[in-house]
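The primary structure of each chain is shown beneath.
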Amino acid sequence: MGYYDDIIFLDCGEYPDYRTSVFITPRKEPQWEFALHTHGNLILQRDRGRIQRFSSPVLFWRAFNQYYRHGIPDGESRGHLYLVTSGSRAERAYQHLAKLFPEGFLPLDEESESFRKILAVMREILNTVWLNDEKQKHIAASGFETLIAEATRIYYSRRPDYADNNRMLKLADSIRANPIRDYDFQNVIAQQFGMSYHSFRALFRKATGKAPRQFVMKCRLHYALELLNSTDLQVKEIADRCGFENPISFFRFFKKSVGVTPLHYRHHLHSDYLQHL
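Source: prediction; values computed, not measured.

About the criteria used
Residues numbered from 1 in each chain as written. Predicted model: local features only at pLDDT ≥ 70, side-chain atom pairs only at ≥ 80, totals over all residues. Heavy atoms only, no water. Salt bridge = Lys/Arg side-chain N within 4 Å of Asp/Glu carboxyl O. Helix = DSSP H or I, 4+ residues; strand = E, 2+ residues; numbered from the N terminus. Buried < 20%, exposed > 50% of the residue type's maximum accessible area, 1.4 Å probe, protein only. Pairing = 2+ DSSP bridges. Axes fitted to C-alpha atoms, helices over the stretch in contact; angles between N-to-C directions. Contact = heavy atoms within 4.5 Å.

Turning next to the pattern of salt bridges. Counting across every chain of the model gives twelve salt bridges. As a salt-bridge pair, Arg62 and Glu33 come within 2.9 Å of each other at their nearest N and O atoms. You can see Arg62 sitting in strand S6 (residues 58-63) and its partner Glu33 sitting in strand S3 (residues 32-39), a full 29 residues away along the chain. Judged by its relative accessible area of 9%, Glu33 is buried. Residues Arg89 and Glu145 are paired through a salt bridge, measuring 3.2 Å at the closest nitrogen-oxygen approach.

Right, dumping it as structure tokens:
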């Protein structure tokens, strides 16, 4: 069995002006369909449950043992792409999406890069399957994995904890770029993030491994090491440039963190210190 033999594309198609409502009844043959609604109004109903209505792009999927309906209001049209698949890879993909999105669909923003990527991948799969060339099967299978990976990425990007983590990492990058700025985490930055300082501090520590103030001091120390390595500035000048109140506080912090005095570090140029910060 080849690496890509665990997925079979049974049918596929694209309809830019689809005017048909589809009613699918459960089947015995294990098949999984993945479809992309690109434009127009869409009505979805799964297992005779609640009717869902969409006016923007949406990715949706169904299993062979489900009742499914997807259609449009009378007199309207919509864009529709679909893949009908079988095999263990297709089944795993369906189960994975069903776990992330139990409702059975993923709404998309038509202006987003995610929608454009999913649309391009779906079309690449369709074009490859239509060639009916066994040598090109890996392209369709790889595209299918890209489709599932992008849906997974969207899921995590929309989770509040994931979004907060990204925000903290962006803040950390800003601090690295400008470590000498006076950061008021408690009274200003936490409020800008819309959370209490306690919550902000916990999320920042989770994202970076250090509390906000500790992270700033780490970045200032890294900057000081770079200045000691690359300039002839006096220690008191470096202390001032790195945001320390005075040379004495800088000297104490430096020796506690690095294990040697600033001048000892400069004279011996222990660049390996940088690699461990």
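After presenting the structure, the write-up continues.
What follows deals with the sheet that holds S6. Strand order in the open sheet made by the five strands is S1-S8-S3-S6-S9, with antiparallel pairing throughout. The open sheet terminates on both sides in strands that have one partner only, identified here as strand S1 (8-18) and strand S9 (105-107). For this sheet, the mean inter-axis angle between neighbouring strands, taken without regard to orientation, is 10°. As defined by bridge partners, S6 adjoins S9 across three bridges and the pair is classed as antiparallel. Bridge pairing links Val58 to Pro107 in S9. Across the sheet, helix H1 (residues 88-100) is in contact with S3, S6 and strand S8 (78-86); its angle to S3 comes to roughly 60°. Along the sheet, helix H3 (residues 137-158) makes contact with S1, S3, S6 and S9, crossing S9 at roughly 65°.

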